[in-house]
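Structural description and commentary
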Amino acid sequence: MKNQIALPVSQAKESRISLWLNRENVLFSSIMEEKVTNRQTVLVSQALISFSLLTCSLFTHWLAAVVCLCWFACSILLCKKGGLR
């Protein structure tokens, strides 16, 4: 039987996902001409998807449009917090 030792959170290594999120995204960095991480790329993608759904929901129901508008506003605020201008 193996002896396992649990490390405190401060000593634990970063997960693979957080390492990937902090890595530079080459495509967006070359387009925007500044360093853009994968985390910022995910935030921009969320904003684009929410905007697309907002424009499509305008033709369906007003309540769906309001929900998509709130989602779009939140995703824009997340982009601002994430370091995008």
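The notes below deal with the structure included here. (Residues numbered from 1 in each chain as written. Predicted model: local features only at pLDDT ≥ 70, side-chain atom pairs only at ≥ 80, totals over all residues. Heavy atoms only, no water.)

A tally of regular secondary structure across the chain gives four helices and zero strands. Listed N to C, the secondary structure of the chain is α-α-α-α in terms of helices and strands. Looking at the chain as a whole, 24% of its 85 residues qualify as buried. Within the chain, residue pairs in contact and separated by at least 24 positions form 32% of the contacts whose partners lie at least 6 positions apart. Surface accessibility of the chain: about 7,200 Å² in total, with carbon and sulfur atoms responsible for 67%. (Helix = DSSP H or I, 4+ residues; strand = E, 2+ residues; numbered from the N terminus. Buried < 20%, exposed > 50% of the residue type's maximum accessible area, 1.4 Å probe, protein only. Contact = heavy atoms within 4.5 Å. Areas by Shrake-Rupley, 256 points an atom, 1.4 Å probe, with all protein chains shown as cover.)

With that settled, the discussion passes to the environment of Val-42. Relative to the elements of secondary structure, Val-42 occurs in helix α3 (residues 38-57). On the basis of relative accessible area, Val-42 is assigned to the partly exposed category, the value being 42%. C-alpha of Val-42 to C-alpha of Leu-21: the two residues are 21 residues apart in sequence and 8.6 Å apart in space. Every residue in contact with Val-42, bar those within four places of it in the chain, is listed here: Trp-20 and Leu-21.

The next subject is the packing of aromatic side chains. In this structure the tally under the stated criterion is one aromatic pair. Their ring planes at 50° and their centres at 5.5 Å tell us that Phe-51 and Phe-72 sit as a pair that is tilted. Of the two residues, Phe-51 sits in helix α3 while Phe-72 sits in helix α4 (residues 62-81), which places them 21 residues apart along the sequence. When its relative accessible area of 21% is taken as the criterion, Phe-72 is described as partly exposed. (Phe/Tyr/Trp six-rings, centres within 6.5 Å; stacked < 30°, edge-to-face > 60°.)

Turning to a nonpolar patch on the surface, a few remarks are in order. A cluster of nonpolar side chains, namely Trp-62, Leu-63, Val-66 and Val-67, defines an oily patch on the protein surface of about 420 Å² accessible area. With respect to the secondary-structure elements, Val-66 resides in helix α4. (Patch = residues over 30% accessible without salt bridge, like charges linked within 9 Å, V, L, I, M, F, W, Y side chains within 5 Å. Salt bridge = Lys/Arg side-chain N within 4 Å of Asp/Glu carboxyl O.)

Attention now moves to the packing of α3 against α4. Two elements in contact, α3 and α4, have axes separated by 8 Å at closest approach and are oriented at 160°. Between α3 and α4, the crossing angle belongs to the class labelled roughly antiparallel. Of the two elements, α3 crosses α4, and the hand of that crossing is left-handed. Within the contact between the two elements, α3 uses Leu-43, Val-44, Gln-46, Ala-47, Ile-49, Ser-50, Phe-51, Leu-53, Leu-54 and Ser-57 and α4 uses Ala-64, Ala-65, Cys-68, Leu-69, Trp-71, Phe-72, Ser-75, Ile-76, Leu-78 and Cys-79. For the contact of α3 with α4, the per-class residue count stands at 16 nonpolar, four polar and no charged. (Axes fitted to C-alpha atoms, helices over the stretch in contact; angles between N-to-C directions. Parallel < 35°, antiparallel > 145°, perpendicular 65-115°, else oblique. Left-handed = near helix turned anticlockwise from the far one by under 90°. Nonpolar A, V, L, I, M, F, W, Y, C, P; charged D, E, K, R; others polar.)

None of the figures reported here should be taken as evidence of function without further support.
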